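Here are the chains, one letter per residue:
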Amino acid sequence: MKKWIFSVAVALALFSIFPVFADESEYYPITVKVEKIYVARDGYRIIYRKSGVDLGEVHIPMDWLKAGGKCEFVNARPWEGYYLVAFYKNGEFSHCRVTAPEYFTTSLWSPAPNGYPAEKFNVETLDLTL
């Protein structure tokens, strides 16, 4: 009985040490809930929920969506929720991932108004204000 208790105590001690040696990621993710995505010729305007009831907006240029680019869209089902995750490396924007429905028939997607300024999509980074 004493050997069993001792072996269990040693096993618990070993398993509790392993998280100390786990590698930390060099990326810091910030996740926000997407409220609306406007599709424009030059990119996507994403309206997201800030803390409280405030809304924020970011612009994602079409160039970021190329293979190996700064952004990717991931298909999501309605019950999973729609999110924008921005990854920062050493305090600077690295890349982002947007989960959104596959079909444009949902209420999340909407066309941008005619004449939406193309200059808004001339961005190099994604600055999320919370």
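Placed above this text is the structure.
Residues numbered from 1 in each chain as written. Predicted model: local features only at pLDDT ≥ 70, side-chain atom pairs only at ≥ 80, totals over all residues. Heavy atoms only, no water.

**Student:** I'd love a proper account of the nonpolar core, names of residues and values included.
**Tutor:** With 24 residues, the main nonpolar core has Ile 37, Ile 46, Ile 60, Leu 84, Val 98, Leu 126 and Leu 128 as its most contacted residues. Elements supplying a minimum of two residues to this core: strand 1 (27-39), strand 2 (43-49), strand 3 (55-61), strand 5 (83-89) and strand 6 (92-100). Not counting the four nearest positions on each side in its chain, Val 98 is found in contact with Ile 37, Ile 46, Ile 60, Cys 71, Glu 72, Phe 73, Val 74, Tyr 83 and Leu 84. (Core = buried A, V, L, I, M, F, W, Y, C linked by side-chain atoms within 4.5 Å. Buried < 20%, exposed > 50% of the residue type's maximum accessible area, 1.4 Å probe, protein only. Helix = DSSP H or I, 4+ residues; strand = E, 2+ residues; numbered from the N terminus. Contact = heavy atoms within 4.5 Å.)

**Student:** Run through the pairing of strand 2, naming residues and quoting values.
**Tutor:** Across the 7 residues that make up strand 2, a large majority, 5, are buried. Taken together, the 6 bridges between strand 1 and strand 2 define a ladder with antiparallel strand orientation. Across the sheet, Tyr 38 pairs through a bridge with Arg 45, a residue of strand 2. Turn length for the strand 1-strand 2 hairpin, with the two strands adjacent in sequence and antiparallel, is 3 residues. Across 7 bridges, strand 2 lies against strand 3 in antiparallel orientation. Residue Gly 43 lies in a different strand from strand 3, and its bridge partner there is Pro 61. (Pairing = 2+ DSSP bridges.)

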